[in-house]
Amino acid sequence: DTAVSQTPKYLVTQMGNDKSIKCEQNLGHDTMYWYKQDSKKFLKIMFSYNNKELIINETVPNRFSPKSPDKAHLNLHINSLELGDSAVYFCASSQGIAGAHGTGELFFGEGSRLTVL
Amino acid sequence: QKEVEQNSGPLSVPEGAIASLNCTYSDRGSQSFFWYRQYSGKSPELIMSIYSNGDKEDGRFTAQLNKASQYVSLLIRDSQPSDSATYLCAVNSYQKVTFGTGTKLQVIP
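Rules and cut-offs
- Residues numbered from 1 in each chain as written.
- Chains lettered and ligands numbered in written order.
- Predicted model: local features only at pLDDT ≥ 70, side-chain atom pairs only at ≥ 80, totals over all residues.
- Heavy atoms only, no water.
- Core = buried A, V, L, I, M, F, W, Y, C linked by side-chain atoms within 4.5 Å.
- Buried < 20%, exposed > 50% of the residue type's maximum accessible area, 1.4 Å probe, protein only.
- Helix = DSSP H or I, 4+ residues; strand = E, 2+ residues; numbered from the N terminus.
- Contact = heavy atoms within 4.5 Å.
- Buried area = accessible area lost by both parts, 1.4 Å probe.
- Salt bridge = Lys/Arg side-chain N within 4 Å of Asp/Glu carboxyl O.
- Polar contact = N/O pair within 3.5 Å; in protein donor to acceptor, adjacent residues only side chain to side chain.
- Nonpolar A, V, L, I, M, F, W, Y, C, P; charged D, E, K, R; others polar.
- 1 Å grid on protein atoms, 1.4 Å probe; cavity = no way out; pocket = protein on both sides within 12 Å on 5 of 7 lines; lining within 4 Å.
- Points joined across faces, edges and corners; volume = space filled by probe spheres on them.

K.L.:
Help me understand the nonpolar core, please; the structure alone is not making it clear to me.
P.N.:
If you look at the biggest cluster of nonpolar residues, it comprises 23 residues, and the most contacted ones within it are B:Trp35, B:Val72, B:Leu74, B:Ile76 and B:Tyr87. Elements with a minimum of two residues in this core: β3 (19-25), β4 (32-38), β5 (45-50), β7 (61-66), β8 (71-76), β9 (85-93) and β11 (103-108) of chain B. Residue contacts for B:Ile76: discarding those within four places in its chain leaves B:Ala17, B:Ile18, B:Ala19, B:Leu21, B:Arg60, B:Phe61, B:Asp83, B:Tyr87 and B:Leu105. Counting residues in each nonpolar core, the second largest holds 20 residues, with A:Leu11, A:Ile21, A:Phe64 and A:Leu74 among its members.

K.L.:
Quick question: what am I supposed to make of the interface of chain B and chain A here?
P.N.:
Counting from both sides, the interface comprises 20 residues of chain B and, opposite them, 21 residues of chain A. Together chain B and chain A conceal approximately 1700 Å² of surface at their shared face, both sides included; 54% is due to carbon and sulfur atoms. Ranking the residues of chain B by area buried against chain A places B:Gln95, B:Lys96 and B:Phe99 at the top, with a combined share of 33%. One can count one salt bridge joining chain B with chain A. Where B:Lys96 meets A:Glu58, a salt bridge forms, and the shortest distance between an N and an O atom there is 2.6 Å. Linking chain B with chain A are seven residue pairs in polar contact (both at pLDDT 80 or more), by the criterion used here. Sorting the residues of the side of chain B that touches chain A by element identifies β4, β5, β9 and β10 (96-99) of chain B as the ones contributing at least two each. Ranked by residues supplied to the side of chain B that touches chain A, first place goes to β4(B) with four residues. Of the residues assigned to the side of chain B that touches chain A, the class counts are nine nonpolar, nine polar and two charged.

K.L.:
Just to check I follow, could you spell out the side chain of B:Thr62 for this structure?
P.N.:
All names here are of chain B. Position of threonine 62 relative to the elements: it lies in strand β7. At 2.6 Å, the side chain of threonine 62 forms a polar contact with the side chain of arginine 77. Apart from residues no more than four positions distant in its own chain, threonine 62 is found in contact with Met48, Asp55, Lys56, Glu57, Ser73, Leu74, Leu75 and Arg77.

K.L.:
Looking at this structure, how should I read the layout of surface pockets?
P.N.:
The gaps left among the atoms become clear once a water-sized probe is rolled over them. Of the pockets and cavities examined, the largest pocket occupies roughly 600 Å³. Listed by contribution, the elements that provide at least two residues to the lining of the largest pocket are β9 (87-94) and β11 (112-116) of chain A together with β9 and β11 of chain B. Considered class by class, the residues forming the lining of the largest pocket number five nonpolar, twelve polar and seven charged.

K.L.:
Help me out: how do you make sense of the environment of A:Thr115 in this one?
P.N.:
Position of A:Thr115 among the secondary structure elements: in strand β11. Separated by 31 residues in the primary sequence, A:Thr115 and A:Gly84 have C-alpha atoms spaced 9.3 Å apart.

In structure tokens:
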């Protein structure tokens, strides 16, 4: 049973389209994250949610809309896709907020590779 | 200045040797430090956590932390070809975990 699962694993789309990625964790964690890994393999945090509350919004364009319906799910919707949005998007979870109540030990999903043409 | 800095490599070591991976960080208030391993095309996987100054050993892996020097390292003893991967240093502060750019390790059989 996969601990952190993301769908879809691959997305190929045209510029200007809208796409969504879904993430679910069954670890019982209360904090979930979206990270973006670019072509140079740099892993950068985008958002984090603790118990459905937005904790971090790391200066991401507002074309990116995260949503956490409950603490086990975190979705990412991207409007008006641009070439520069091509990357691998990783969902992760942890118990507690990194730096506060939690230790910051992250468990990652398999990633969703987005290609914008 | 980057928050977490690593040499991108590649670092090539022969099989059976010790691989030494290094990382520096800028925020003196950082509380926790991690090493993640990422195989090509896969997701990062936590391999070591360290929270206090000194050494922490787990099997063939030893993490070292020096908060005064803002320095974290990972030693891999008896390196195996299966250790070939990118190793990401990560630092926990300000409610987020920040990653370095990673060091690519190649273990030559």
